[in-house]
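Residue-level listing of the chains:
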Amino acid sequence: MVRKNSVRGLLAVLVLVIVVFATGVMVQAQAAEHPYLGVRLEDTSAGVVVRDVVVGSPAAAAGLKVGDIISQINNQKITHVYQVEQTIVTAKASDYLALTVTSAGKSMDLSAKLGTITDEKAANLPVTTPFSTFGYNNTDKSWMIYTLADNNPFYAQGLRTGDTITMFDGKAYNPVDLANYRDALKADADIKIVAQHTGKAMDITVKASALKAFDLYGYNGEQGMLFATTAPASMTQPSPMSQPNAWQFNAFGYDAANKSWNVFAIDASGAVATAGLHVGDQIMQIDGKTYTPADLRTFRQTLADSASLKLTVMRAGKSTDVTVPATALKSMNLFDNNGSGILFMVSNPHSMNWLGVDFEMLTADMAKAHKISQNDGALITEVLTKSPAETAGLKLNDVITAIGSTTVTAKNPLEQLLTMHKPSEELTLKVLRDGKDIDVKAQLATPEYSGQIPFLMQPF
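Remember, it's a predicted structure, so these values are computed and weren't measured experimentally.

**With respect to the overall build of the chain**
Of the regular secondary structure elements, the chain holds 14 helices and 29 strands. Counting over 460 residues, the chain shows a buried share of 53%. The contacts in the chain between residues at least 6 apart in sequence include a share of 59% that link residues at least 24 apart. Here the chain has roughly 19700 Å² of accessible surface; of this, 50% comes from carbon and sulfur atoms.

Structure follows, in structure tokens:
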């Protein structure tokens, strides 16, 4: 699976995230069952935050809650999600974990007895996320499912986060072609879809309306994203998206039906939260006028940084006015496409490390196909222009085998190791190039667009 470490609009934002779940470890582990706690976590500036607790899991039995911050496990200080993952995957089923967490501002100690879960069961657990996102992979011309709400029609047909769609009605479509294809469909038409589910081919049928419900952001034939906001049907606890302090980003989505902007997420540390906007607000007017995404783009260019804006907001059925600095609106990245739009910004990016390569973790088959002498490492499939990787001299088909003294393996994938470092940090990369081992020094950077929309994969 290709991991995109690129700056390419909102698709890049979603793929450049700190990978908050054990995507590689659980998929590639050989045992039928694995130790299991039942949480999805996120690295934030406040610490390792619980974003989801699976119903009926050991985490739920221990009393962990959404929003808790895990500070210690078995008396070891926790500063990264990766540490939690490693603690769990190296433990034994039925082991107890001594957790120290901050819950609602208070420190408390919990004890969690690990259970077990199979890859198949983990892949089919409901994902309580209020949005669905599919990203285009130009390498194999497929659409990867990054997140999938459990009331989405694609979910009902058996697809899950991490699956890929390879064909719609017998054809592969890049973003531009997909836009033309779906625009020609009638809403009640059936679409036959070929997908890869847990590594196996799968055929499903959905109504065209299910595809049309996604906003399509297609920049060209090589990059694009399908995005839809929903409310999961099986939500048994408040969605993290509904909690103003649960995220490190702001996200507003345009509602073409009434020319308003819905507030999906608010970072409590940001200017819009300080001004008084809440998750769930509906911005009806900006300085007395309604704005489509295209109009808003033009309007923002006329604003002085020192200006203030009056937002007319519908909240719980009542109208209220909120004044925000123009800089808050101007600093949000605006993605618009055919009347759809998203305003998105990370107020307080944390550990957003940009190397600037696309890569695949090596397998024995890949190594044989590329005539590589070893089976571990990250094979570079693209080096992005003006990236730290390009500056460092990394090349296509280089294999990154280690960062410093830490070897890149299936259990220590490159994306996980990068989260252990900070932007601007200089790394010594061990690289296999044309059969020779070399050292390459690369200085990490922060991407132009960076975000922490959770990459909601299997819980661990």
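**A look at the pairing of strand E13 (residues 190-197)**
Residue alternation in E13 divides its side chains into a buried set, Ile191, Ile193, Ala195 and His197, and an unburied set, Asp190, Lys192, Val194 and Gln196. Where strand E12 (residues 164-168) and E13 come together, four bridges link them in antiparallel fashion. Each residue of the ladder has a partner; that of methionine 167, found in E13, is valine 194. The hairpin turn running from E13 into strand E14 (residues 200-207), its antiparallel successor, is two residues long, and threonine 198 in that turn takes a positive phi close to 45 degrees.

**What about the confidence of the model for the chain?**
Looking at the chain as a whole, the pLDDT averages 77, with 77% of positions reaching at least 70. Below a pLDDT of 50 lies the segment residues 231-247, which in the model reaches 47 contacts outside its immediate sequence neighbourhood of four places, other chains included. Every residue in residues 448-457 scores below 50 in pLDDT, and together they form 59 contacts with partners more than four places removed in sequence or on other chains.

**Quick look at the side chain of asparagine 152**
Residue position: asparagine 152 is located in the loop between strand E11 (142-147) and helix H6 (153-156). In this structure, asparagine 152 is in contact with Ser132 and Phe214, ignoring residues within four places of it in sequence.

**Some details on the packing of aromatic side chains**
Given two aromatic rings, one states the distance between the centres and the angle between the planes to describe the pair. All chains considered together, the criterion is met by nine aromatic pairs. Measuring from centroid to centroid gives 5.9 Å for phenylalanine 154 and phenylalanine 214, while their planes differ by 75 degrees, and the two rings are edge-to-face. Pair noted here: phenylalanine 154 is in helix H6 and phenylalanine 214 is in the loop between helix H8 (208-212) and strand E15 (215-220), with a separation of 60 residues, a long-range link. Relative accessible area serves as the criterion here: at 1%, phenylalanine 214 is assigned to the buried category. Connected via pairs of aromatic rings, a cluster forms that spans Phe134, Phe154 and Phe214. One cation-aromatic arrangement involves arginine 160 over tyrosine 155; the distance from NZ or CZ to the ring centre is 3.6 Å.

**Points about the nonpolar core**
Formed by 28 residues in total, the largest nonpolar core has its most connected members in Phe154 and Phe168. Those residues in contact with phenylalanine 154, other than ones at most four positions away along the chain, are Phe134, Leu148, Leu159, Ile165, Ile193, Ile204, Val206, Ala210, Leu211 and Phe214. Core analysis: the next-biggest nonpolar cluster, separate from the first, contains 24 residues, Ile283, Ile286, Leu309 and Leu334 among them.

Scoring rules and cut-offs
- Here the residue numbers are simple positions, counted from 1 along each chain's written sequence.
- Only residues with pLDDT of at least 70 get local features here, since the model is predicted, and only at 80 or more are side-chain atom pairs given and counted; chain-wide, interface and lining totals rely on the full set of residues.
- Calculation of side-chain values draws on the structure's entire complement of heavy atoms; hydrogens and water are dropped beforehand.
- Helical segments are the DSSP runs of H or I of at least four residues, strand segments are the runs of E of at least two, and each set is numbered from the N terminus.
- Here the term buried applies to any residue with accessible area under 20% of the maximum for its type, exposed to any over 50%, and partly exposed to those in between, with areas from a 1.4 Å probe on protein chains only.
- Contacts are assigned to residue pairs with any non-hydrogen atoms lying within 4.5 Å of each other.
- Computed with the Shrake-Rupley method and a 1.4 Å probe, the accessible areas treat only the protein chains shown as cover for residues.
- Note: two strands are recorded as paired if DSSP finds a minimum of 2 bridges between them.
- pLDDT runs from 0 to 100 and stands for how confident the predictor is about each residue.
- Here is the rule: rings of Phe, Tyr and Trp (six-membered ring for Trp) pair when centre to centre is within 6.5 Å. Planes less than 30 degrees apart are stacked, more than 60 are edge-to-face, and the remainder are tilted.
- Placement of a positive charge over a ring is assigned whenever Lys NZ or Arg CZ falls within 6 Å of the ring centre and within 35 degrees of the normal to the ring plane.
- As used in this record, nonpolar core signifies buried Ala, Val, Leu, Ile, Met, Phe, Trp, Tyr and Cys residues forming a set joined through side-chain atoms within 4.5 Å.

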